[in-house]
Amino acid sequence: MTNWTRRQALFATAALGLAGCGEETPRLGQQDFAPEGSLAWAIDGAWRLEPERDEWRHPLQTLQFWGLAPGQTVLEILPGRGWYTAILAPYLARNEGRLIAASFDPASRSLAQRETLAAWEARFASDPALYGDIERTIVGRGALAPAGSVDLAILANNVHTLMAEGVAEQVFRQTLAALKPGGAFGVEQHRAASTGLQDPLAGTGYVQEAYVKALAQEAGFEFVAASDVNANPRDTRDHPFGVWTLPPTLRSSPLGAPDDPGFNSAPYATIGESDRMTLRFRKPNGAGATAPIPAP
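Residues numbered from 1 in each chain as written. Predicted model: local features only at pLDDT ≥ 70, side-chain atom pairs only at ≥ 80, totals over all residues. Heavy atoms only, no water.

Asker: Residues and numbers for the overall build of the protein chain, please.
Answerer: Check the secondary structure of the protein chain and you find 11 helices and 7 strands. Residue burial in the protein chain is summarised as follows: out of 296 residues, 50% are buried. Looking at the protein chain as shown, the accessible area adds up to about 13300 Å², and 54% of this sits on carbon and sulfur atoms. (Helix = DSSP H or I, 4+ residues; strand = E, 2+ residues; numbered from the N terminus. Buried < 20%, exposed > 50% of the residue type's maximum accessible area, 1.4 Å probe, protein only. Areas by Shrake-Rupley, 256 points an atom, 1.4 Å probe, with all protein chains shown as cover.)

Asker: Please set out the environment of tyrosine 268 residue by residue, giving values where relevant.
Answerer: Positionally, tyrosine 268 belongs in helix H11 (residues 266-271). Tyrosine 268 sits 25 residues away from valine 243 along the chain, and the two C-alpha atoms are 10.0 Å apart. When near neighbours in sequence (up to four residues on either side) are disregarded, tyrosine 268 contacts His239, Pro240, Thr245, Leu246, Pro247, Leu250 and Phe263. (Contact = heavy atoms within 4.5 Å.)

Asker: Help me get a handle on the sheet that holds strand S5 (residues 179-190), residues and values and all.
Answerer: Read across the sheet, 7 strands follow the order S3-S2-S1-S4-S5-S7-S6 without closing on themselves; strand pairing throughout is mixed. At either end of the open sheet lies a strand with only one pairing partner, and these are strand S3 (135-138) and strand S6 (222-227). When strand polarity is set aside, the average angle formed by the axes of neighbouring strands in this sheet is 20°. Relative to strand S7 (residues 276-282), helix H4 (residues 59-66) is tilted by about 25°, and along the sheet it contacts strand S4 (150-156), S5, S6 and S7. (Pairing = 2+ DSSP bridges. Axes fitted to C-alpha atoms, helices over the stretch in contact; angles between N-to-C directions.)

Asker: I'd like a rundown of the pattern of salt bridges, residues and numbers included.
Answerer: Using the criterion set out here, one finds 17 salt bridges in the structure. Here glutamate 135 and arginine 98 are joined by a salt bridge, their closest N and O atoms 2.5 Å apart. With glutamate 135 in strand S3 and arginine 98 in strand S2 (residues 98-103), this pair connects stretches of sequence that are 37 residues apart. Each of Glu50, Arg53, Arg57, Glu188, Glu273 and Arg276 takes part in one network of salt bridges that share partners. (Salt bridge = Lys/Arg side-chain N within 4 Å of Asp/Glu carboxyl O.)

Asker: Which residues make up the pairing of S5, and what are the values?
Answerer: Every other side chain in a regular strand lies on the same face of the sheet, so the side chains alternate between the two faces. Among the 12 residues of S5, 9 are classified as buried, and the element is accordingly described as predominantly covered. The sheet contact formed by S4 and S5 spans 6 bridges and is parallel. Looking across to S5, one finds that alanine 156 is bridged to glutamate 188. Pairing between S5 and S7: 7 bridges, direction antiparallel.

Asker: Please provide a residue-by-residue account of unusual backbone geometry, values included.
Answerer: For the peptide bond that leads from proline 247 to proline 248, omega is 5°, which places it in the cis range. Relative to the helices and strands, proline 248 is located in the loop between S6 and H11. Phi is positive for glutamate 50, which is not a glycine, with a value near 50°. Inspection of the secondary structure assignment puts glutamate 50 in the loop between helix H2 (39-44) and helix H3 (54-57).

Asker: An account of the side chain of glutamine 189 is needed here, citing residue identities and associated values.
Answerer: Position of glutamine 189 relative to the elements: it lies in strand S5. A distance of 2.9 Å separates the side chain of glutamine 189 from the backbone oxygen of glycine 205, its partner in a polar contact. Other than its neighbours up to four places away in sequence, glutamine 189 contacts Asn157, Asn158, Val159, His160, Gly205, Val207, Asp275, Arg276 and Met277. (Polar contact = N/O pair within 3.5 Å; in protein donor to acceptor, adjacent residues only side chain to side chain.)

Quick look at the structure:
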């Protein structure tokens, strides 16, 4: 039986009940004072990218749920333009931590990927005093990080990107190899309905929660917990241009086509950002510092 068949069978029968993240954490803006170097300080920073999205992405609660702590080595997989990097880099730089960003290949055939990488580099290479010395690796070209070196790996809203590139299984295995035994893997992803079959290329940007769990378990991870901190029950997931119909993109036409000035984005703006799963996995303690998985 192939991995694909096993995964389909697993999520066809799995219950998708979500566990709460437990202890409540303060919302951004509730702190009277955020000491420099604290996570709240990093989230409140004037250097942040699109802090208005905190309403939907809840970085404080999400990062605490994943187990971010001072002194850690953190691997951020496909950081995009750096929404989370702008929090992680200053926080880790001031707390004797280390950030490794596994990004797009600068030689990618995709113009969008090259532009995203260039925007990330222009921002985070320009101020080492604030962001520290961020280490760089490339997804699809060698190891994501040295074997057994990472305390926490983060993959935020990019499982669908890995699926579209055909490297999801490889990257999940490489993430396991990079983590220390007991290390955590935090995943945030646009959540598809639990019924029907998962598109293997995730063309709408949505992925079934059970499918993500199956990817992780096949790679060797143990599931720890799920949180509804980034859930949005108003998201029907039935949008003409996939998840990108919603904020922050508000796409008005198919990918590659000119914007349609007659398309009414107001109903989608009212929905807000997508419904998202927020998951935490761990590398089993007995897994050891496995060797990195080579790129095909």
